[in-house]
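Descriptive analysis of the structure
The residues making up each chain are set out below.
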Amino acid sequence: MGFNEDFNQLSERIQSVKPNILTEEATKMSMVVPFFQLLGYDVFNPLEFCPEYIADVGIKKGEKVDYAIIINNEPVILIECKSCTEILDKHSSQLLRYFSTSSAKFGILTNGLIYKFFTDLDESNKMDLTPFLEIDLENIKESAILSIKKFCKSEFDKDSIFSIASELKYTTLIKELFKSELENLSDDFTKLMISSIYNCT
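Residues numbered from 1 in each chain as written. Predicted model: local features only at pLDDT ≥ 70, side-chain atom pairs only at ≥ 80, totals over all residues. Heavy atoms only, no water.

1. A look at the overall build of the chain
Within the chain one finds 6 helices and 6 strands. Here the chain holds 201 residues, and the buried ones make up 40% of them. Accessible surface, the chain as shown: approximately 11500 Å² in total, 53% of it carbon and sulfur. (Helix = DSSP H or I, 4+ residues; strand = E, 2+ residues; numbered from the N terminus. Buried < 20%, exposed > 50% of the residue type's maximum accessible area, 1.4 Å probe, protein only. Areas by Shrake-Rupley, 256 points an atom, 1.4 Å probe, with all protein chains shown as cover.)

2. A word on the nonpolar core
Nonpolar side chains in soluble globular proteins tend to be buried together. Core analysis: the largest hydrophobic core is formed by 38 residues, its most contacted members being Phe36 and Phe151. It is helix H2 (residues 24-38) that provides the largest number of residues to this core, a total of 5 residues. Residues contacting Phe36, with those up to four places away along its chain left out, are Tyr41, Val43, Phe49, Ile69, Ile79, Ile108 and Tyr115. In terms of nonpolar packing, the next biggest core, distinct from the first, is built from 14 residues, Cys50, Leu88, Leu95 and Phe99 among them. (Core = buried A, V, L, I, M, F, W, Y, C linked by side-chain atoms within 4.5 Å. Contact = heavy atoms within 4.5 Å.)

3. A closer look at the environment of Glu74
Within the secondary structure, Glu74 is located in strand S3 (residues 74-81). Here Glu74 falls in the partly exposed class, since its relative accessible area comes to 42%. Separated by 29 residues in the primary sequence, Glu74 and Ser103 place their C-alpha atoms 7.3 Å from one another. If we skip the residues at most four places from it in the chain, Glu74 touches Ile69 and Ser103.

4. Examining the sheet that holds strand S4 (residues 106-110)
Ordered by their spatial adjacency, 6 strands build an open sheet running S1-S2-S3-S4-S5-S6, and the pairing between neighbours is mixed. On the outer flanks of this sheet lie strand S1 (49-54) and strand S6 (133-136), each paired with one strand and no other. Direction aside, the axes of adjacent strands within the sheet are offset by 25 degrees on average. In terms of strand pairing, S1 meets strand S2 (residues 64-71) through 5 bridges, oriented antiparallel. Bridge pairing in S2 links Ile54 to Lys64. (Pairing = 2+ DSSP bridges. Axes fitted to C-alpha atoms, helices over the stretch in contact; angles between N-to-C directions.)

5. Describing helix H3 (residues 92-100)
Since the α-helix advances by 3.6 residues per turn, residues separated by three or four positions end up pointing in the same direction. If you check which residues of H3 are buried, you get Gln94, Leu95, Tyr98 and Phe99. Looking straight down H3, one finds that the buried residues subtend no more than 135 degrees of arc, so they occupy a single side. Buried residues along H3 sit in contact with S2, S3, S4 and strand S5 (114-118). (Arc of directions from axis to C-beta.)

6. Describing the packing of aromatic side chains
The tally for this structure, following the rule as stated, stands at 14 aromatic pairs. Residues Phe132 and Phe151 carry aromatic rings whose centres are separated by 6.5 Å and whose planes lie at 20 degrees to one another, so their mutual orientation is stacked. In this pair, Phe132 sits in the loop between S5 and S6 while Phe151 sits in the loop between helix H4 (142-149) and helix H5 (158-183), placing the two residues 19 residues apart along the sequence. Classification of Phe151 by relative accessible area gives buried; the value is 3%. A cation over an aromatic ring shows up here: Lys105 above the ring of Phe162, its NZ or CZ 4.6 Å from the ring centre. (Phe/Tyr/Trp six-rings, centres within 6.5 Å; stacked < 30°, edge-to-face > 60°. Lys NZ or Arg CZ within 6 Å of the ring centre and 35° of its normal.)

Don't take any of this as a statement about function, it's just geometry.
This is the structure in structure tokens:
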């Protein structure tokens, strides 16, 4: 099978076990670890997929992010996990703190179902507040699978991903804007569309 088929199978499996997953630890072992295993990382090798990676924040020592993906002895991706029963919106600040203390270029916040990918497009070494990519395993899109594939161990290129992160981020924002306008048209958007139509006639 190819990556797309494997990814869809993982999505189906995760959705099937979801009703029985009630804690953060269970979410990690049954949902998050298999996700990164599919991406080709050796999840049993702490030199590559390090659990409880130390990311001390200021005077607070012993702060740990759930996982760090290590390449060439350097952390490149920090992963903060929450239970699949939790909504992620209120937890990005925790990942932001860890991100600023490490050399990692990417941060991922997940509850095993939704994966939010962050980097530092707006200000170097400071994690953006808006993810450049968001994946929902309960609502998989082919374009999302293509984006995820770039994070596979065999294809991972930090500079290449960073260069397309800006495009992905603003494409997502534009789509969300259009979706919002379609659901509730604003006066400004209506005027813009009408003026465009009349200017073409």
